[in-house]
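Given next are the chains, with one letter for each unit.
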Amino acid sequence: MRHSAKRPSDAAVPSATTADDAKRDLVTFDQALDALCLLVDEQAPGLVSGVLVLDEAGSRWEVVASPNLPESWRQYGRTTRVTPRGGASGVAVHERRQVIVTDLTVSPLYAAANREASRAANLHACWATPFFSSDGRVLGVVTIYCREPRAPTRGEQGLIARIASLACTVTERKLVQDALRASEERFELAATALAGFVYDTDLLAGRVRVYNRLDGAFGFRSDEVETDLRWWQDRVHPDDAARVAQAWQTALGGDDGSFVLEYRFRHRDGHYVDVLDSGRIVRNASGRAVRIVGGSRDVSERRQVERQRDSLIADLEAATRLRDDVLAAVAHDLRDPLGTMSICARTLLADEQPTVESVREIASLLQRSTDWMDRLIRDLSDVSSIEAGRLSLYRRSVAPTVVLAETIHLHAVPASAAGVALELDVPRGLPDVHADPERLLQAFGNLVTNALKFTQRGGRIILHAERDPVGVRFTVEDSGAGIAPDLLPHVFDRFWNRPPGGGVRGSGLGLAIVRGIVEAHGGSIGVESELTKGSRFSLTLPRAVT
């Protein structure tokens with residue numbers, strides 16, 4: 001039966017508004033194409049439509065939309081390769097033209113089995129029209145099957161052209177969405193690989209879009225990340241905020257198309273992450289910056305390595321300065337005794353008949369010079385052991401009175417010669433301390449020796465001890481010249497008391513050794529001083545366990 005009275009005219013073709021309304025209601029690409037087919041079938045009774053979309057290689061049908069065709073027909077299309085002899089649709093793809101088959105049952109384009117299947121389905125004609133992308137690539141084919149053997153009318157040709165155009169629009173939109181999704185996935189993969197995120201900032205709207213999650217490097221879940229630009233700005237470290245804002249303004253107001261910034265960004269748990277932020281600035285026709293596309297990545301590990309490197313360099317520089325200081329100090333301290341020894345040697349060589357008294361005097365000078373060099377070597381050795389943490393200690397219970405009394409006994413002769421009184425002030429009942437007695441004598445000896453250097457004749461030095469919550473607090477107090485306030489922070493540094501141009505002689509290591517011995521015992525040491533009124537060195541040592 002013919003349906004010529006019901007063939008669509010140009011007026012019966014679905015309007016663009018109808019098609020747009022239909023597309024807005026669609027959920028998936030397949031459903032959109034099915035809707036186009038149903039629209040044709042409804043508008044033109046006697047026709048059955050289908051839309052075939054090629055895969056990326058153009059060798060198979062990726063999508064077969066034909067809701068009113070038998071399922072076996074659709075399944076055949078999904079499994080058949082697209083070839084120049086693959087029916088009207090295959091020829092349309094390869095020859096890039098519309099193919100009109102007026103009678104399927106006798107067409108050489110179809111195998112015998114397909115011709116028989118067409119007859120059984122009451123489909124007698126096929127009109128295949130390819131549709132193309134904007135760059136000329138064949139995207140797919142609109143196929144219209146007619147239940148009678150004939151060619152399409154002029155009105156039906158118009159319908160086919162409009163459906164092909166709509167199918168092209170829907171397909172290209174799907175391809176754009178696929179490309180955008182693939183691009184976003186690449187952005188996300190790239191940002192993940194960089195331990196960061198990719199962003200797109202709309203400067204006019206003040207909005208930021210992030211293309212991957214921030215929970216890896218920055219701890220934020222997706223639902224915690226806001227698009228407001230101020231949310232991001234508020235998380236820049238306060239010490240970096242002004243610098244970053246200025247750099248942004250400079251970059252946006254200048255002619256550069258890109259920028260690179262490094263700053264600290266607040267992690268979700270509150271700590272700050274070192275971030276390297278690099279972006280590309282997009283400007284409108286008037287040159288105004290309207291968009292920034294860029295990426296931020298966590299460079300905390302790199303910055304930590306750099307800080308460790310800088311610290312190591314600083315330590316090496318400090319060690320170099322220390323080496324130079326030690327060499328200069330040792331050279332200075334050895335100059336006097338070596339000079340004395342040289343003079344003594346020349347005197348002995350020049351005097352062919354030296355007297356016993358002159359020999360004794362020279363021997364005494366030689367002895368004092370070698371003793372001085374021996375003390376310097378021992379001091380340097382002790383400082384080296386202290387700094388390396390290898391100072392040997394042989395601890396036992398030591399009575400404070402015993403160690404202080406022994407110190408006074410050992411220094412009684414030089415104190416008497418200097419006209420300085422040594423006094424002991426120790427109450428009864430003090431607990432013993434857990435210490436190496438030899439090292440304690442060395443520490444107190446260095447303090448007394450230092451006090452004797454700066455205490456004038458008629459002055460005094462008091463050795464005192466008292467109970468302390470930790471154990472025992474010892475003090476060595478003198479009535480000497482005192483220490484200038486600006487020198488107090490450095491009294492325990494090496495060579496701190498070396499006056500320029502001479503003055504009181506010493507290795508400059510004695511107080512550094514005292515501090516090392518006290519700290520090796522788990523104790524603490526400090527100093528108080530006032531110019532012209534003397535100094536007071538205090539040290540605390542832990543009590544012995546009973």
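First, a word on what this report is: a plain description of the structure on this page.

Quick notes on the rules
- Residues numbered from 1 in each chain as written.
- Predicted model: local features only at pLDDT ≥ 70, side-chain atom pairs only at ≥ 80, totals over all residues.
- Heavy atoms only, no water.
- Helix = DSSP H or I, 4+ residues; strand = E, 2+ residues; numbered from the N terminus.
- Expected span 1.5 Å × (residues − 1).
- Buried < 20%, exposed > 50% of the residue type's maximum accessible area, 1.4 Å probe, protein only.
- Phe/Tyr/Trp six-rings, centres within 6.5 Å; stacked < 30°, edge-to-face > 60°.
- Pairing = 2+ DSSP bridges.
- Axes fitted to C-alpha atoms, helices over the stretch in contact; angles between N-to-C directions.

### Regarding helix α10 (residues 356-387)
- Its 32 residues place the ends of α10 47 Å apart at the C-alpha level, agreeing with the 46 Å of an ideal helix rising 1.5 Å per residue.
- For α10, the full list of buried residues reads Ile 362, Ser 369, Trp 372, Met 373, Leu 376, Asp 379, Asp 382, Val 383 and Ser 385.
- Just downstream of α10, Gly 389 is the residue with a positive phi angle, here 70°.

### What to know about the packing of aromatic side chains
- All chains considered together, the criterion is met by 7 aromatic pairs.
- Both rings, one in Trp 231 and one in Trp 232, keep their centres 5.0 Å apart while their planes meet at 80°; by these two values the pair is edge-to-face. Here Trp 231 and Trp 232 have matching classes, each one buried.
- Between the aromatic rings of Phe 492 and Phe 537, the centroid separation amounts to 6.1 Å while the plane-to-plane angle is 85°, which identifies the pairing as edge-to-face. Taken together, the residues Phe 492 in the loop between β15 (471-478) and α14 (510-520) and Phe 537 in strand β17 (residues 534-542) connect sequence positions 45 residues apart. In this pair, the class of Phe 492 matches that of Phe 537, namely buried.

### Quick word on the sheet that holds strand β1 (residues 47-54)
- Here we have 5 strands laid out as an open sheet, ordered β2-β1-β5-β4-β3, and antiparallel in their pairing. The open sheet terminates on both sides in strands that have one partner only, identified here as β2 (61-65) and β3 (99-101). Ignoring strand direction, the axes of neighbouring strands in this sheet form an average angle of 15°.
- Pairing between β1 and β2: 4 bridges, direction antiparallel. Among the inter-strand pairings, Val 53 is bridged to a residue of β2, identified as Val 63.

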